[in-house]
Amino acid sequence: MTDPIERLRRACLALPEATEQEAWGEPTFRVRKKIFAMYAAAGNHHGAGHESVWCAAPLGVQEILVNSDPEKFFVPPYVGPKGWLGVRLEAVDDDELRSLIVQSYCKIAPKKLQALVAD
């Protein structure tokens, strides 16, 4: 199986003007300096024992997904109250990961860049 961070990189860096920058000791993925995805390692308290990604989600989506599948989704610390979604990387396939990352990117990116993304 592919390294979780490499899977995440592949999904994030395929998007227009996406960049990777380390922050808080972990990779973050940004578009025009705004974070749309944050990696949380299993060994770090942010990952809580799972290789995870935190990503922006549309209003109400976090609650629906966490309630429907708490083994896959969780409310991350710090950004969870703002509606961000925690996703356990081992629990999603590449297509689902890409879909969640595109959704997050489109919530953060300028409209001109959103228009360049086909999900």
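What you are looking at is a predicted structure, and each value in this text was computed from that prediction instead of being measured. (Residues numbered from 1 in each chain as written. Predicted model: local features only at pLDDT ≥ 70, side-chain atom pairs only at ≥ 80, totals over all residues. Heavy atoms only, no water.)

Draft legend 1. Structural view of the environment of Pro27. As for its position among the elements, Pro27 is in strand β2 (residues 26-31). Residues Pro27 and Leu97, spaced 70 residues apart in sequence, show a C-alpha to C-alpha distance of 16 Å. In contact with Pro27, other than residues within four places in its own chain, are Ile5, Arg9, Glu20, Gln21, Glu22, Met38 and Tyr39. (Helix = DSSP H or I, 4+ residues; strand = E, 2+ residues; numbered from the N terminus. Contact = heavy atoms within 4.5 Å.)

Draft legend 2. Examining the nonpolar core more closely. Counting residues in each nonpolar core, the largest one holds 29 residues, and the members touching the most others are Leu8, Phe36 and Ile101. Residue assignment for this core shows that the elements contributing at least two residues are α1 (4-13), β2, β3 (34-40), β4 (52-55), β6 (85-88) and α3 (94-108). Core analysis: the next-biggest nonpolar cluster, separate from the first, contains 8 residues, Ile35, Met38, Trp54 and Val79 among them. (Core = buried A, V, L, I, M, F, W, Y, C linked by side-chain atoms within 4.5 Å. Buried < 20%, exposed > 50% of the residue type's maximum accessible area, 1.4 Å probe, protein only.)

Draft legend 3. Quick look at α1. Among all positions of α1, only Ile5, Arg7, Leu8, Ala11 and Cys12 are buried. Buried positions in α1, seen along its axis, are confined to an arc of 155 degrees and lie on one side of it. Contacts made by the buried residues of α1 are with β1 (18-23), β2, β3, β4 and α3. (Arc of directions from axis to C-beta.)

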